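# Structural overview for review
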Amino acid sequence: MSKFKEVALRGSQLAASNNAAGAAKFGKRVHLGANDSEVRLIRFENVGLRYGQGPEVLKDISFSVMPNSFQFLTGPSGAGKTSLLRLLFLSLRPTRGLITLFDRDATRLASNEIAAVRRRIGIVFQDFRLLDHLTAYENVALPFRVAGREEASYRAEVVELLRWVGLGERLNALPPILSGGEKQRIAIARALIVRPELLLADEPTGNVDAPLAKRLLRLFVELKKSGTAVLIATHDVPLMDQYDAPRLVLNDGRLYYDR
Amino acid sequence: MSESEARNPARFGKQAPILPRESMTGRSLLAVIAIMSFLAALTVGSVRVAKISTEEWRGDLSNEMTIQVKPADGRDLEADLQKALTAAQKSPGVSDARAYPKEESEKLLEPWLGTGLDLKSLPVPRLIRLQMSDRSEKNIAALRYALSQSVPNAVLNDHHAFSGRLTAISRAISIFGLAILALVLLATVLSVSFATRGAVAGNRATVEVLHFVGAGDSYIANIFQRHFLGVGLKGALIGGAIAALLFALSRFASRIFNFIAGDGDAAFLFGSLSLDMRGYLEITATVLFVAIVTAIGSRLTVYSTLRNID
């Protein structure tokens, strides 16, 4: 049985099982998911970020994300959520402080090392970032294609995942003719297809209706249960209320921790 | 498999290119590369033609020398001519020696003095043409010595200075050709660089996605390089083929001119643009070089552009 089928079968079990550390307040270090002795997927130590000569948009951010953990990242618009995600995506470098990803100093990664780290991370963007000239199938298969795998070796896997997200009959559809929800599911499938160790999702339910949002949340929870650490950036309070997970709250560039 | 999937199977095995072809470059770059390649191939071919001609001239001169017997007061020019001829025929390394008749010597002056002049009153020198079987320094020195002993007013011209000038001209043409070639290649690289920058900028969103799904810079650079190698090869082939065709046609045309004119006047007027096999091989090498330069230029540009993306 494939991993995706396993996840699907366990989909109804939504019992929370996060290992988040106890509550921490602003200015204190937050380790989500396990104790200090474990390997941390992400570690931020007093990270600050400013664009050019402007004011700091992120101030003294310190937190860790452990394997097999689940947390939300939330906060009002302009609080620095996107900037924090861009640091996590390795598309920005911090102005100060230390960021480690998979125990590697993110600021010292060479171009090819950044690519290797990104292959261990699944990213879901709010605006999907699908390639409009590729079909749903080709978009989901893109990480395999980039990794140099033969198409025949991943075909069944991609088709199965697309069926699981309810797009088994839209394999050949191009993104411009798909609805927002369908695009979102393709974007999620593309992030999951390589079974990443860490899933970063930016407003993954922002373009879907409530039932589908619930279903996607269930998918993320099951992913966490199968070993993937999940960090979801969202404004959707009702969504967060559906699952008991730690919340990282960004406000005015500072990080608060809320359980 | 559902009914609709069976009706509409996924596009397995034949996937669309990661970067859409139409987003990369239009025909303008192809045209620019074709023009540049045409100029490069024309330069290479012209340099080769010039080299062939100078080598032919040098080859003609290499086995030939001339003795000039100048008229001198109190000396019999005809007797001196005979003495010089005898000395030359006896010299080692000389396979044939022939004195120009007086009429022929005077005829050589016609281009400068015109026809119908009475040259009897002028001190026209006489010439002996030598064919050399061994043109060593030793033989030339021996001949020079023999002449100085028997005919002091005879001068041996080994055409060394003229041959040296031909070598210098040939070298200058080659350097000039190389300089033009370098400029043409530089212009090609710059054109490709601008086009690549445009292509990367036009595909910025796709490049970002590729980065996020784990593609390294080299993977992305390979996609652009493959595309521009194709464009470069196509453009260079078009330009090189037209240049090669032009050389082939000029050879054919000069034959027609010669046939119509009945002598070498056409070649004298228009020069011979006939290219040998090596010349065509050099044009082929230029075509490949332009394609490779295009590919490398695009790769380097992609790397430098990717540093600003992400």
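Before reading further, recall that the structure is shown in the block above.
To start, this report covers the structure provided alongside it. Keep in mind that this is a model prediction, so the values were computed, not measured.

On to the overall build of chain B. A tally of regular secondary structure across chain B gives eleven helices and four strands. Taken over 310 residues, chain B has a buried fraction of 30%. Taking contacts inside chain B between residues at least 6 apart in sequence as the whole, the part at least 24 apart equals 86%.

Residue and element names in this part refer to chain B. Here strand 3 (residues 126-132) shows a buried face lined by Arg126, Ile128, Leu130 and Met132 and an unburied face lined by Leu127, Arg129 and Gln131. Across six bridges, strand 1 (residues 64-69) lies against strand 3 in antiparallel orientation. Among the inter-strand pairings, Val69 is bridged to a residue of strand 3, identified as Arg126. Where strand 2 (residues 94-99) meets strand 3, five bridges bridge the pair, whose relative direction is antiparallel. The partner of Arg98 across the bridge, within strand 3, is Arg129.

All names here are of chain A. Strand order in the open sheet made by the six strands is 7-8-9-4-10-11, with mixed pairing throughout. With one partner strand each, in any of the chains shown, strand 7 (121-124) and strand 11 (254-258) form the two edges of the open sheet. Taking the axes of each pair of neighbouring strands and ignoring which way they run, one obtains an average angle of 20 degrees across the sheet. Strand direction decides the pairing type here: strand 8 (residues 198-202) and strand 9 (residues 229-233), joined by five bridges, are parallel. Bridging from a neighbouring strand, Asp202 pairs with Ala233 of strand 9. Running at roughly 170 degrees to strand 7, helix 6 (residues 180-192) makes contact with strand 7 and strand 8 of the sheet.

As a further point, take the packing of helix 4 (residues 136-146) of chain A against helix 6 of chain A. All names here are of chain A. Axis separation between helix 4 and helix 6 bottoms out at 7 Å; the angle between their running directions is 30 degrees. In terms of their interaxial angle, helix 4 and helix 6 are classed as roughly parallel. As helix 4 packs across helix 6, the resulting crossing turns out to be right-handed. Across the interface between the two elements, Ala136, Asn139, Val140, Leu142 and Pro143 from helix 4 touch Ile186, Ala189 and Arg190 from helix 6. A class-by-class count of the residues in the contact of helix 4 with helix 6 yields six nonpolar, one polar and one charged.

Judged by nonpolar contacts, the single largest core of 121 residues is most densely connected at Val140, Leu162, Ala189 and Leu200 of chain A together with Ala41 of chain B. Take this core: its biggest share by element is twelve residues, from helix 2 (residues 27-62) of chain B. Look past the residues within four positions of Val140 of chain A in its chain and what remains in contact with it is Val158, Leu161, Leu162, Ile186, Ala189, Arg190 and Ile193 of chain A. Counting 18 residues, the second-largest nonpolar core is a separate cluster that includes Ile67, Ala88, Ala97 and Leu130 of chain B.

All names here are of chain B. Among the structural elements, Ser163 can be located in helix 7 (residues 160-202). The partly exposed category is assigned to Ser163, around which 16 C-beta atoms lie within 10 Å. Put simply, Ser163 and Gly59 are 104 residues apart on the chain and 9.4 Å apart in space, counted from C-alpha to C-alpha. In this structure, Ser163 is in contact with Arg58 and Leu61, ignoring residues within four places of it in sequence.

All names here are of chain A. Buried residues dominate strand 4 (residues 70-74), accounting for five of its five residues. Side chains Phe70, Phe72 and Thr74 project from strand 4 onto one buried face, and the interleaved Gln71 and Leu73 project onto a second face that is buried too. By the bridge criterion, three bridges tie strand 4 to strand 10 (residues 247-251) in an arrangement that is parallel. Its bridge partner being in strand 10, Thr74 is matched across the sheet by Val249.

To continue, consider the sheet that holds strand 3 of chain B. In sheet architecture, strand pairing relies on hydrogen bonds along the backbone and comes in two forms, parallel and antiparallel. All names here are of chain B. Spatially, four strands are ordered 2-3-1-4 in an open sheet, and the strand pairing comes out antiparallel. Whereas interior strands pair on both sides, the edge strands pair on one side only; in this sheet they are strand 2 and strand 4 (154-157). Ignoring strand direction, the axes of neighbouring strands in this sheet form an average angle of 20 degrees. Here helix 3 (residues 77-90) sits on the sheet and contacts strand 1, strand 2, strand 3 and strand 4; the angle it forms with strand 2, its principal contact strand, is near 170 degrees. Packed on one face of the sheet, helix 6 (residues 137-150) meets strand 1, strand 2 and strand 4 and runs near 165 degrees to strand 4.

One frequent convention defines the size of an interface as the accessible area lost when the parts assemble. Chain A puts 26 residues into the contact, and the matching count from chain B is 23 residues. Counting only elements with at least two residues in the side of chain A that touches chain B, the list comes to helix 3 (111-118), helix 4 and helix 5 (151-164) of chain A. Looking at the side of chain A that touches chain B element by element, the count peaks at five residues for helix 4 of chain A. The residue inventory of the side of chain A that touches chain B, partitioned by class, reads twelve nonpolar, seven polar and seven charged.

What counts, and where the lines are drawn
- Residues numbered from 1 in each chain as written.
- Chains lettered and ligands numbered in written order.
- Predicted model: local features only at pLDDT ≥ 70, side-chain atom pairs only at ≥ 80, totals over all residues.
- Helix = DSSP H or I, 4+ residues; strand = E, 2+ residues; numbered from the N terminus.
- Buried ≥ 20, exposed ≤ 12 C-beta atoms within 10 Å, placed from the backbone.
- Contact = placed C-beta atoms within 7 Å.
- Pairing = 2+ DSSP bridges.
- Axes fitted to C-alpha atoms, helices over the stretch in contact; angles between N-to-C directions.
- Parallel < 35°, antiparallel > 145°, perpendicular 65-115°, else oblique.
- Left-handed = near helix turned anticlockwise from the far one by under 90°.
- Nonpolar A, V, L, I, M, F, W, Y, C, P; charged D, E, K, R; others polar.
- Core = buried A, V, L, I, M, F, W, Y, C linked by C-beta atoms within 7 Å.

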